[in-house]
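# Structural overview for review
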Amino acid sequence: DPQQLELATSSKRKLRRFVVIDEVVDELYGSKVREYFEENNVQHKILALPTTEETKSMDLVLSILQEVQNFSLDRRTEPIVAIGGGVCLDIVGLAASLYRRRTPYIRVPTTLLSYVDASVGAKNGVNFLQCKNKLGGYTPPVASFLDRSFIQSIPRRHISNGLGEILKMALMKHKGLFDLLKSHGKYLLDTKFQSYSGPADHGDAALQTTRIAIETMLEELAPNLWEDDLDRLVDFGHVISPELEMRVLPSLMHGEAVNIDMAFMTYVAYVRGLITTEEKEQIIQCMRGLELPVWHGGCSWSLIKKALMERLKHSGGQPRLPLPTGLGTADIFNDTSEEILERAYKLWVMD
C-alpha cells in the first residue's frame, strides 16, 4: 500500500521488526539476520524458539504473544517475521492472527517442505489433544519471501521430506512435474535444490520443480482459500497421514507420512481400476527414487479405519478421497467401499 509505505518511511520513528526464528535456523543464519537489521538501522527483537511438531502448541503461541506485547508492536506498520520451517510458520501465523485480532506477518520458509507448502495459502495452526493442527485459522501472510539458498544447509532426509509434497502436486495435477521428479529426483537430492549451470541434461531442474509445484498449489488454493468447498485435490496424502504422523511422533516427518498415505491411496486407485499396473509401479518407483518411505508398520488397518472416520466427521459426512486417475490427473471419490480399501491394504502390505 503506497500510503502505508509513505507513512512508514516518512515517519521520524525508527523502523522496528519482531522476528521469530527457529532455533536451529538461528544457529546457522541468525548472525546474518542480525547484521542485516543493524546495517539497515532497524530496531529488532529476535526470538529463537524450538519449533517442532512436539512443541507446536498454544503454550508456544502464548509465549510468543507475551514477547510481542513487551516489544509494543505497531500492528499497522510492523509485520511479525517468521523464519523457519512449516511448524514455525504455522505457529507464528496463528500468533499474529490472534494479536489485536490480526497483525500482519511475513513468512520466510527455510526448508523445502515449507518452501513449496506452508509458504502458500492462508492456513495456520497448532496441535491440540494429540490431534494435528486442531486449533488454527485462515490468515494469509502479507508476503512470503522465497530463497532456495536456505535449503542447502538442511539434511538430505529433509529434502526428501519436501519432495513428498511436490510429488503430491505432480500426481494430482501435472504429468510434466512427475516426469521431472522421475528424471531428476536423485540430482535434486544430491544438489539440495540449488541452481547450477552444470550438466545441460538437468537444465535448471530445481527452479522448474519448485515453480511448478507452487503454481499448481496456488491454482488449487486461490479459488478456495477458506475451504468453502471441501472437495480438495491438495488433500491427497492427508487422509491417513495426520493420524499416522501424530501416532508415531517423532519417527516420521510430515512429507514422509504424506507419502505413505499417497502410496496406500495409489493402491486404492489401482484396485478400483483407476490406474494401470504400470502406472502404479511407476508411482511407487518414483517415490523410492525420491528416498521416501512407501510403507510404515504403524499404519495398521485399525488406524486407517479410525482416520477415515475422522475424515467423515470433518468433511461433511463424505470421505472425499482424492485419487489418481492417471499420471498427473485425479478426481475426488465418495464411493470407495470398505471392501476395496481392505483389498488395497492387503495388497499394499504384501508388496
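Read on for an overview of the structure.

Thresholds applied
Residues numbered from 1 in each chain as written. Predicted model: local features only at pLDDT ≥ 70, side-chain atom pairs only at ≥ 80, totals over all residues. Heavy atoms only, no water. Axes fitted to C-alpha atoms, helices over the stretch in contact; angles between N-to-C directions. Helix = DSSP H or I, 4+ residues; strand = E, 2+ residues; numbered from the N terminus. Parallel < 35°, antiparallel > 145°, perpendicular 65-115°, else oblique. Left-handed = near helix turned anticlockwise from the far one by under 90°. Contact = heavy atoms within 4.5 Å. Nonpolar A, V, L, I, M, F, W, Y, C, P; charged D, E, K, R; others polar. Pairing = 2+ DSSP bridges. Core = buried A, V, L, I, M, F, W, Y, C linked by side-chain atoms within 4.5 Å. Buried < 20%, exposed > 50% of the residue type's maximum accessible area, 1.4 Å probe, protein only. Domains from an automatic or database assignment. Salt bridge = Lys/Arg side-chain N within 4 Å of Asp/Glu carboxyl O.

Below, the discussion takes up the packing of helix 3 (residues 58-71) against helix 4 (residues 86-98). Running from N to C, helix 3 and helix 4 cross one another at 55°; their axes reach a closest spacing of 9 Å. Viewed along their axes, helix 3 and helix 4 adopt a mutual orientation that is oblique. The chirality of how helix 3 crosses helix 4 is right-handed. Contacts from Met58, Leu60, Val61, Ile64 and Leu65 of helix 3 reach helix 4 at Ile91, Val92, Leu94, Ala95 and Leu98. Per-class residue counts for the contact of helix 3 with helix 4 are 10 nonpolar, no polar and no charged.

Once that is clear, we can look at the sheet that holds strand 2 (residues 43-49). Judged by pairing direction, the sheet is parallel, and its five strands sit side by side in the order 2-1-3-4-7 without closing on themselves. The two strands at the open ends of the sheet, each matched to only one other strand, are strand 2 and strand 7 (143-144). Pairing analysis gives four bridges linking strand 1 (residues 16-22) to strand 3 (residues 80-84), with the strands arranged parallel. Bridged to valine 20 within strand 3 is alanine 82. Strands in contact with helix 3 are strand 1, strand 2 and strand 3; relative to strand 2, the strand with the most contacts, it is inclined by about 165°. Seen against the sheet, helix 4 touches strand 1, strand 3 and strand 4 (105-109) and runs at an angle of roughly 165° to strand 3.

We now examine the nonpolar core. Counting 72 residues, the largest nonpolar core has Leu167, Ile240 and Phe264 as the members making the most contacts within it. It is helix 10 (residues 254-271) that provides the largest number of residues to this core, a total of 11 residues. Each of domain 1 (13-152) and domain 2 (156-350) accounts for three or more of the residues forming this core. Not counting residues up to four positions away in its chain, the partners in contact with phenylalanine 264 are Ile240, Ile304, Leu341, Ala344, Tyr345 and Trp348. Listed in part, the 25 residues of the second largest apolar core include Val61, Cys88, Ala96 and Ala118.

Looking now at the pattern of salt bridges. Taken as a whole, this structure holds 26 salt bridges when the rule is applied. Residues lysine 175 and aspartate 179 are paired through a salt bridge, measuring 3.1 Å at the closest nitrogen-oxygen approach. With lysine 175 and aspartate 179 both in helix 7 (residues 175-191) and four residues apart, this pair spans about one turn of that helix. On the accessibility criterion, lysine 175 (38% relative accessible area) is partly exposed. Note on aspartate 179: relative accessible area 27%, which makes it partly exposed.

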